[in-house]
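# Understanding the architecture of this molecule
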Amino acid sequence: VWPLEDQARCIRAQLEVAKAVGVPVFLHTPTPKEGKDFLGELGTSELPPQAAYRRTFMERDLEIVRAVGFPERRLVIDHTDASLIEAIHGKTEAYAGISVGSGLRPLDPAEVIGWIRRFGPGRILINSDHIPYRPYDVFAAPRLIREMRRAGLALDIIRRAVFDNANEPYFVISNEQTRD
């Protein structure tokens, strides 16, 4: 298992490169794991409770993002769940990447629709979460879109969350580079 200090140095280096070349970064939040088989030395240390697990590691990574000066509007915090959505929208300029389809990180479509209604579609990025060695629902994104339509979300809101936002971090970069 890779020590957290080494992981932090690696993330810092990756963010510095991304900042220098002007590309967006997807920050993957971890899935809570148990047992020494997955965590090595961390398996014997005290870990955050399940409810705070992703948020604890997201906040550690955001400290690095801010120390590097990486623009948060170019950051997608992926695998967003109920423990992260409010912090992302309230304390960052990042996009909330909402991954659907994985049995490892299941999300209720009604919950996702509620987030879009509460926070708006502007910084929500719906994406599929295919993990090749885990069961995966290839129709999760189309099913979510269908549920969004059934819930009465306007087509422009749906399009923003499932298509337009996926391109936004790239367009921001492209527009900034043409201004330089």
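In this report, the structure presented in the accompanying data block is examined. Keep in mind that what you see is a predicted model, and the values were worked out from it rather than measured. (Residues numbered from 1 in each chain as written. Predicted model: local features only at pLDDT ≥ 70, side-chain atom pairs only at ≥ 80, totals over all residues. Heavy atoms only, no water.)

## Topic: the environment of Phe57
If you trace the backbone, Phe57 turns up in helix H3 (residues 50-68). Expressed as a C-alpha distance, the spacing of Phe57 and Thr29, which sit 28 residues apart in the sequence, is 7.0 Å. (Helix = DSSP H or I, 4+ residues; strand = E, 2+ residues; numbered from the N terminus.)

## Quick notes on the environment of Leu153
Mapped onto the secondary structure, Leu153 falls in the loop between helix H6 (140-150) and helix H7 (155-179). Take Leu153: its relative accessible area is 10%, and that puts it in the buried class. Linking Leu153 and Ile113, residues 40 residues apart in sequence, is a C-alpha distance of 8.3 Å. Once residues lying within four places of it in the same chain are set aside, the contact partners of Leu153 are Ile113, Ile116, Arg117, Met148 and Ile158. (Buried < 20%, exposed > 50% of the residue type's maximum accessible area, 1.4 Å probe, protein only. Contact = heavy atoms within 4.5 Å.)

## Re the packing of helix H5 (residues 109-119) against H6
Relative orientation of the contacting elements H5 and H6 amounts to 60°, with a least axis distance of 10 Å. In terms of their interaxial angle, H5 and H6 are classed as oblique. The way H5 lies across H6 gives a crossing that is right-handed. Residue-level inspection shows Pro109, Val112, Ile113 and Ile116 of H5 in contact with H6, the latter providing Leu144, Glu147 and Met148. Counted by class, the contact of H5 with H6 contains 6 nonpolar, no polar and 1 charged residues. (Axes fitted to C-alpha atoms, helices over the stretch in contact; angles between N-to-C directions. Parallel < 35°, antiparallel > 145°, perpendicular 65-115°, else oblique. Left-handed = near helix turned anticlockwise from the far one by under 90°. Nonpolar A, V, L, I, M, F, W, Y, C, P; charged D, E, K, R; others polar.)

## Quick look at H6
The set of residues buried in H6 consists of Ala140, Leu144 and Met148. Angular distribution of buried residues about the axis of H6 spans 80°; they occupy a single face of the element. Opposite its buried face, H6 presents the exposed residues Arg149 and Arg150, each directed more than 90 degrees away. Directly after H6, the chain includes Gly152, whose backbone phi takes a positive value near 90°. (Arc of directions from axis to C-beta.)

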